[in-house]
Amino acid sequence: MKKNIAYLAFCGILVSLLTACGGKTSKSEVPVITVTIEPQRYFTEAIAGDKFKVVSIVPKGSSPETYDPVPQQLVSLSESRAYLRIGHIGFEMSWMDRLVSNTPHLQVFDTSKDIDLIISDDHCTHYHDDGTFHTHGVDPHVWNSTTNAFILARNTYEALITLDKENQPYYFARYDSLCRKIQETHDRICEKLLGPDITRTFMIYHPALSYFARDYGLQQIAIEENGKEPSPAHLKKLIDICKEEKVRIIFIQPEFDQSNAETIARQTGARIVPVNPLNYDWPNEMLRTADILAGKFRESL
């Protein structure tokens, strides 16, 4: 999305004015925390309970790799006590410095701290008006992993007790409950992915399941070529790989075009199945992905 200087200046002035004029939350209101994506909202709400209102800045159906916030979101951000970033996603790489400079009171916590990151030389590149942003080869989709979920939960808990030390026992009880839910999800996925007929190599348009694949010994093949539509030559190569690897599943995501996946499916006989790695309902989405790979298709997102 193309942005001009006037738009950015307007956003900066607007947020600065609201902050200066006292855009703070009154004591009688529930304080606000902002997160980047919906799965993060799930983790944060699970621990925060009724002590904070949690708002995700990237709306349902939008890509956090390339999303640009609307002016009203920048105004609303001035009312937040803190921002919990997911780590290295495109939105944060291009916007975080500007968000922080326009809301100097905002405390920022990186919930990806201590995660064993997947790093690749050919990870997606994202293009914005002020230059090319990439995540230094870091795969940013850290939330699609039960292993990482424990770390995300711990970092979220630590952020909350930093913001509200008085309610630490409340947050700890809810954090413990969330960890038990994550462990249950992991155990159920392991059960689903037992057996010789499991699909262990899958194709996906945008490589959002790298950490899921690492957790469970799977192979992910991305249709995207360096974050862009694949060239005809690369598409032909993908069709050949799909045949060689006997790929039976091609995952598609709601925020991306399906035409290339459909082309590959026609040439190979693979089945196209929708997934939503940005689903708020993190446990069910993780389990549904495992079900698909186990041959138990649930079509609804």
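Scroll up a little and you will see the structure.
Position labels on residues start from 1 in each chain and follow its written sequence. With pLDDT at 70 or above as the cut-off, local features in this predicted model cover only qualifying residues; side-chain atom pairs require 80 or more to be listed or tallied, and sums for whole chains, interfaces and linings still use all residues. Side-chain numbers come from the whole structure's heavy atoms, not from hydrogens or water.

**Q** Explain the packing of helix H8 (residues 232-244) against helix H9 (residues 259-268) to me, please; I cannot follow it from the model alone.
**A** Any two packed helices are characterised by the angle at which their axes cross and by the distance between the axes. Comment: axis = line fitted to C-alpha atoms, over the contacting stretch for helices; angle = value between 0 and 180 degrees taken between N-to-C directions. A run of H or I in DSSP counts as a helix once it spans at least four residues, and a run of E counts as a strand once it spans at least two, with each numbered from the N terminus. Where H8 contacts H9, the two axes come as close as 10 Å, and the packing angle between them is 45°. Relative to H9, H8 is oriented oblique. In terms of crossing hand, the pair formed by H8 and H9 is right-handed. Taken together, the residues of H9 that come into contact with H8 (itself represented by Leu235, Leu238, Ile239, Cys242 and Lys243) are Asn260, Thr263, Ile264, Gln267 and Thr268. Residues are grouped as follows: nonpolar covers Ala, Val, Leu, Ile, Met, Phe, Trp, Tyr, Cys and Pro; charged covers Asp, Glu, Lys and Arg; every other residue, Gly included, is treated as polar. Among the residues making up the contact of H8 with H9, the classes are represented as five nonpolar, four polar and one charged. Should an angle fall under 35 degrees it is taken as roughly parallel, and over 145 as roughly antiparallel, whereas 65 to 115 is taken as roughly perpendicular and any remaining angle as oblique. Throughout, a crossing is termed right-handed when the near helix is turned clockwise from the far one, and left-handed when it is turned anticlockwise from it by less than a right angle. By definition, residues are in contact when any of their heavy atoms lie within 4.5 Å.

**Q** Is there a simple way to think about the sheet that holds strand S1 (residues 32-35) in this case?
**A** Strand-to-strand pairing in sheets goes through backbone hydrogen bonds, with the strands running parallel or antiparallel. Between any two strands, at least two bridges found by DSSP are needed for them to pair. Pairing is parallel across the open sheet formed by four strands, whose spatial order is S2-S1-S3-S4. With one partner strand each, in any of the chains shown, strand S2 (53-56) and strand S4 (107-110) form the two edges of the open sheet. Here the average twist between neighbouring strands, direction ignored, is 25°. Where S1 lies against S2, four bridges are found, and the strand directions are parallel. For Val35, the partnering residue across the bridge sits in S2 and is Ser56. On the sheet, helix H2 (residues 38-48) packs against S1, S2 and strand S3 (80-85) and is oriented at approximately 170° with respect to S2.

**Q** Where do I start with the nonpolar core in this structure?
**A** Side chains of a nonpolar character, in soluble globular proteins, are inclined to be buried together. Grouping buried Ala, Val, Leu, Ile, Met, Phe, Trp, Tyr and Cys residues that are joined through side-chain atoms within 4.5 Å yields what is termed a nonpolar core. We call a residue buried when its accessible area falls under 20% of the maximum for its residue type, exposed when it is over 50%, and partly exposed in between, using a 1.4 Å probe and counting protein chains only. Core analysis: the largest hydrophobic core is formed by 64 residues, its most contacted members being Phe43, Phe91, Trp143, Phe202, Phe212 and Phe251. Phe212 has contacts with Asn144, Ser145, Ile189, Leu218, Met286, Thr289, Ala290 and Leu293, leaving out every residue within four places of it along the chain.

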